[in-house]
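Structural overview
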Amino acid sequence: MSGIWGIQKKYLIGITGGDNLVKVSFGYSNRIDLPGSKKIDEITISSISNNSYKKFKLDYSYFDACNIGGSYLHNSSGQQQIDDRYKLRLKLLSLHEISSDGNDTITTSFKYYGDDTSERLPLKTSCAVDFWGYYNGAENAVTTTTGIVTGERHIILPSLADCYGQSNIGEIAEVKDMIQSVKGANRFCNESFMKTGTLKKIIYPTKGYSLFEYEAHRFYADESHAYIFKESGPASSGTTYMARDINSSNPNAYMDQHKSFDVSSPSVGTITIKMTADTPEKMQLLRQSHPYVEFISNNIMNTYSISSLSESSTGLELTKYIHNINLTPSTCHLVAILPDNVGSGCSVSISINVRPTLTGTARQSIGGGLRIKSIANYDSDNNLLQTKRYEYNDGKSLVPMKLFSTTRRYTYSDVQMSGMSGTFTNQFLVFHSSLIGNSSFTSSVSRGIIGYSSVTEKIIDSSNALKKRIVTTYQNDFATETFGDFFLFNNYTNGNILTRSIYDGAGSLADSIVNSYTHQGSNVLTCNLKLEDLYADPRCTVSGRYRLTAYSYQAKWNVLSKTKHFSFLLNGNASTETNYSYNTQNHLVSEEVMKDSQGAILSQRNYKYPCDYSRESVYNTMTTSHYLSPVIEETYKIQGRENYRTRAVYSLLRGLFVHTQDSISRNGGPMEKRMEYTYHQDNLVCMVKDNVETITYLWSYKQSLPVAEIKGANYSQVSQWLGSTVNSIGARSSFT
């Protein structure tokens, strides 16, 4: 039919490289969850004559769905059958590395949250999702008795009263009273449900495995946009610490008379003090024994005696609450003392609930997806080897959590404009900004771009002892709103590593770096014009109705320009500064200049790459094949004098670029061959150092792993001695 265009999907079936000697082939099959789409089942690496080197096979299943949250596409269709497009999601079960003859397989398998329980993801069109689209387990169903559709139906429009809080709902000037009264969906995140379907375990070919634990992001919204979205969940309930003393004949009774805790940021606390007794007689004895509790903060002690507490109606409990205690970063202590002469049946406790101080109108939110909490590695006998735990600081929603924006209509219009070349007519996409205050949902709420100013990685050994702590800080800026709900990052260093500090297990700083960045970029590539209609009534013809804004598009990227390195040693501290320059062809580092703390040059390194030797055939081929990163030549100078210069030689072998030789020149002298490498069937089989030291390697397990190291003979000699045994060893898949 005229005017109808069909779009056909295309899939990559092969890559041929290296003078057409090697090819990578892909095998596909149909997906059930996405009709018309395919999944990769096999990846085969082979020679052009179809002699297979290696094959990878991927096994799949599907995540099935539950009916929690219903389906927003099927609310008005009764019991309409929901097909697999909405129910199923592809799940990778295992990856098999298969030898060339197909007789040997190395398998890596994967497990997911929900595999060991009955927990399933909802339908793809479920209303049980948070603001960012993650499963939250909320049914979000309402019953309607009027209108076109009656009965139970599921809703996805969020409850505005929950989002803003009843006391703050009046701040939203654009939201109609009618909308405020509508009961909406629970769109807050649920940390437990949102893990469903995420990777939980990787089982390696050795049968060792890694376990992954996640948690939801914690972050603050941009304060300049806080009035439109203050939080993505209920306010933090804080952390409670307690000290308690119990006189009991039970040796297992809870007894913790002293509790210490750290306050890491400005916070507010509420103290609860309780003294209880089993009987009136014991309460009288308790009063006479003068028990007390203490709260110590910033080395200031506050003591509370029994006389300051109020009595409950039963007469068996005395309590006191102290609200809104301002806490500054420090180590705090709680102490509870119950004299021994009171006997059993009495208790004294002091607890404090600590919550971060709210800055401005911003409130910490939970959501925006998951972050890694820990990675634990185990051997094949289930023995814990190592754990990496991660802590995060200063989380920000880099795109403001904006629920509403001014309604805009988008139309194409022929607009007559006057310019330096006269009056002309052109067609623009016109943004019609409504002035009557209507609101519409924006897409920014679902972007979930969360950044952190610092991340701490703790490396813990099998005995739960801290071995190392690595603290990395990042550039972490909010995005800038341009128009509507479009946002740009105007700081090109956003997300870059600013500092990295390494501490030992005892907490001593061992090493630290501080990075500085600059950006490189091309000339302006293109220019986009935005024409905005500033008036609600499109019939308006007053002067100044249209505003024309030009947005240029440039290719820019960040590069590391300087690194300051601090080492903290037993015999004193040392600091250096390294400055970086870049190759204009491949944009890799071309020069590193290291200076001491006084600015004197200590050393200089210069690098050359294949693109710098384009007249040599193999390096020209490497460059045109986009194999740009190997260092061909490195020059190292100390205080301006050349210390050494190295040169690497690459060759094209069976379609692969292989490193065949290293040479070195010392103190400006001639080049001397230092290392020579020999390959067989794409494996390194021999290294010769300084024409004296020779090491030969024998490979097995279908030529996939080295099994023997022979010193003093080259590969040709070993092959002559062993004859066909060399090939039989290489072809074996096991030695059992």
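Since the model is a prediction, treat every value here as computed from it, not as a measurement.

1. Observations regarding the overall build of the protein
Within the protein, the secondary structure is distributed over seven helices and 46 strands. Residues counted as buried form 36% of the 736 residues belonging to the protein. Look at the contacts in the protein between residues 6 or more apart in sequence, and 59% of them connect residues 24 or more apart. For the protein, the computed accessible surface area is about 41,200 Å², with 50% contributed by carbon and sulfur atoms.

2. Examining the side chain of Thr472
Inspection of the secondary structure assignment puts Thr472 in strand β31 (residues 466-474). At 3.1 Å, the side chain of Thr472 and the side chain of Arg500 are in polar contact. When near neighbours in sequence (up to four residues on either side) are disregarded, Thr472 contacts Ser453, Ser454, Val455, Ile497, Thr499 and Arg500.

3. Here we look at the environment of Glu616
Among the structural elements, Glu616 can be located in the loop between β39 (601-608) and α5 (617-624). In this structure the side chain of Glu616 is engaged in a polar contact, spanning 3.3 Å, whose partner is the side chain of Arg647.

4. Description of the sheet that holds strand β16 (residues 292-297)
Read across the sheet, four strands follow the order β14-β20-β16-β17 without closing on themselves; strand pairing throughout is antiparallel. Unpaired on one side and paired on the other, β14 (258-263) and β17 (300-305) mark the two borders of the sheet. Put simply, the sheet's adjacent strands are angled 15° from each other on average, direction ignored. Pairing between β16 and β17: six bridges, direction antiparallel. Its bridge partner being in β17, Ile296 is matched across the sheet by Met301.

5. As for α5
Of the residues making up α5, those classed as buried are Val618, Tyr619 and Met622. Projected down its long axis, α5 carries its buried residues within an arc of 95°, all on one side. Those residues of α5 that are exposed and aimed more than 90 degrees away from the buried face are Ser617 and Thr624. Buried residues along α5 sit in contact with β41 (641-653) and β42 (656-666).

6. Topic: the nonpolar core
One finds Phe261, Phe295 and Ile352 to be the most contacted residues of the largest nonpolar core, which totals 29 residues. Breaking this core down by element, the ones donating at least two residues are β13 (239-247), β14, β15 (267-277), α4 (280-289), β16, β19 (317-327), β20 (330-337) and β21 (346-356). Per-element tally for this core: the top contributor is β21, with five residues. Counting 20 residues, the second largest nonpolar core, distinct from the first, contains Tyr112, Ala128, Ile202 and Tyr452.

7. Digging into α4
Among the residues making up α4, those that are buried are Met283, Leu286 and Ser289. Each buried residue of α4 lies within a common arc of 125° when the element is viewed along its axis, so the set occupies one face. In this structure, α4 carries Pro280 and Glu281 as exposed residues pointing more than 90 degrees from its buried face. Looking at the buried positions of α4, the neighbouring elements they touch are β15, β19 and β21.

8. A closer look at the packing of aromatic side chains
Counted by the stated rule, this structure contains 13 aromatic pairs. When the centroid spacing of 5.9 Å and the interplanar angle of 65° are considered together, the rings of Tyr113 and Tyr214 count as edge-to-face. With Tyr113 in the loop between β7 (105-112) and β8 (121-122) and Tyr214 in strand β12 (residues 209-219), the pair connects residues that are 101 residues apart, well separated along the chain. Of the two residues, Tyr113 and Tyr214, neither departs from the other in class, the shared state being buried. Both rings, one in Tyr636 and one in Tyr644, keep their centres 5.2 Å apart while their planes meet at 35°; by these two values the pair is tilted. You can call Tyr644 buried: its relative accessible area is 18%. Through successive ring pairs, a cluster of aromatic residues spans Phe131, Trp132, Phe188 and Phe219. One Lys or Arg, Lys91, reaches over the ring of Phe63 and ends 4.5 Å from the middle of that ring.

9. Considerations on the environment of Ile40
In this fold, Ile40 is placed in strand β3 (residues 38-47). Judged by its relative accessible area of 29%, Ile40 is partly exposed. The spatial distance from the C-alpha of Ile40 to the C-alpha of Tyr28 is 4.6 Å, given a sequence separation of twelve residues. Once residues lying within four places of it in the same chain are set aside, the contact partners of Ile40 are Phe26, Gly27, Tyr28, Leu58 and Tyr60.

10. Section: the pairing of β12
The buried fraction of β12 is high, at eight of eleven residues. Pairing between strand β11 (residues 199-203) and β12: three bridges, direction antiparallel. Bridging across to β12, Lys201 finds its partner in Leu211.

11. So, the side chain of Thr696
Here Thr696 shows up in strand β45 (residues 693-700). Residue Thr696 is classed as buried on the basis of its relative accessible area of 0%. Reaching out from Thr696, the side chain makes a polar contact with the backbone nitrogen of Tyr715 at a distance of 3.3 Å. Once residues lying within four places of it in the same chain are set aside, the contact partners of Thr696 are Val685, Cys686, Ala708, Glu709, Ile710, Ala713, Asn714, Tyr715 and Val718.

12. Details of the pairing of β39
Here strand β38 (residues 589-596) pairs with β39 via five bridges, running antiparallel. Within β39, the position partnered with Glu592 by the bridge is Arg605. With antiparallel pairing between neighbouring strands as the criterion, β38 and β39 make up a hairpin whose turn holds four residues, including Gly599 at a positive phi of roughly 90°.

13. Considering the pattern of salt bridges
Oppositely charged side chains may form a pair once their charged atoms are brought near each other. The full count for this structure, using the stated rule, is 19 salt bridges. Ionic pairing is found between Asp64 and Arg120, a salt bridge with its closest N-O pair at 3.8 Å. Of this pair, Asp64 sits in the loop between β4 (52-63) and β5 (65-66) while Arg120 sits in the loop between β7 and β8; the two residues are 56 residues apart in sequence, bridging distant segments of the chain. Among the residues examined, Asp64 registers a relative accessible area of 37% and is labelled partly exposed. Between Glu391 and Lys458 there is a salt bridge; the shortest N-O distance is 3.0 Å. Taken as a pair, Glu391 in strand β23 (residues 384-393) and Lys458 in strand β30 (residues 454-461) lie far apart in primary sequence, 67 residues in all. Accessibility expressed as a relative area gives 40% for Glu391, which makes it partly exposed.

14. Description of a nonpolar patch on the surface
Judged by side-chain polarity, Tyr72, Leu73 and Ile156 come together as a nonpolar surface patch covering roughly 270 Å² of accessible area. Structurally, Tyr72 is set in the loop between β5 and α1 (84-87). Residue class for Tyr72 comes out partly exposed when judged on its relative accessible area of 41%.

15. Quick notes on the confidence of the model for the protein
Taken over all residues, the pLDDT of the protein has a mean of 77, while the share at 70 or more is 72%. Mean pLDDT in the protein bottoms out at strand β28 (residues 439-441), which sits at 37, and peaks at β11, which reaches 97. A low-confidence stretch, residues 165-176 stays under pLDDT 50, and its non-local contacts, those more than four residues away or across chains, total 20 contacts. Confidence over residues 223-235 falls short of pLDDT 50; this stretch has 42 contacts with residues more than four positions distant or in other chains.

16. Here we look at unusual backbone geometry
At Lys207, a residue that is not glycine, the phi angle is positive and equals roughly 80°. Structurally, Lys207 is set in the loop between β11 and β12. Given a relative accessible area of 55%, Lys207 falls into the exposed group. Even without being a glycine, Asn464 presents a positive backbone phi close to 70°. On the secondary structure map, Asn464 appears in the loop between β30 and β31. Using a relative accessible area of 53% as the deciding quantity, one classes Asn464 as exposed.

Reading the values: rules and limits
Residues numbered from 1 in each chain as written. Predicted model: local features only at pLDDT ≥ 70, side-chain atom pairs only at ≥ 80, totals over all residues. Heavy atoms only, no water. Helix = DSSP H or I, 4+ residues; strand = E, 2+ residues; numbered from the N terminus. Buried < 20%, exposed > 50% of the residue type's maximum accessible area, 1.4 Å probe, protein only. Contact = heavy atoms within 4.5 Å. Areas by Shrake-Rupley, 256 points an atom, 1.4 Å probe, with all protein chains shown as cover. Polar contact = N/O pair within 3.5 Å; in protein donor to acceptor, adjacent residues only side chain to side chain. Pairing = 2+ DSSP bridges. Axes fitted to C-alpha atoms, helices over the stretch in contact; angles between N-to-C directions. Arc of directions from axis to C-beta. Core = buried A, V, L, I, M, F, W, Y, C linked by side-chain atoms within 4.5 Å. Phe/Tyr/Trp six-rings, centres within 6.5 Å; stacked < 30°, edge-to-face > 60°. Lys NZ or Arg CZ within 6 Å of the ring centre and 35° of its normal. Salt bridge = Lys/Arg side-chain N within 4 Å of Asp/Glu carboxyl O. Patch = residues over 30% accessible without salt bridge, like charges linked within 9 Å, V, L, I, M, F, W, Y side chains within 5 Å. pLDDT = per-residue confidence, 0-100.

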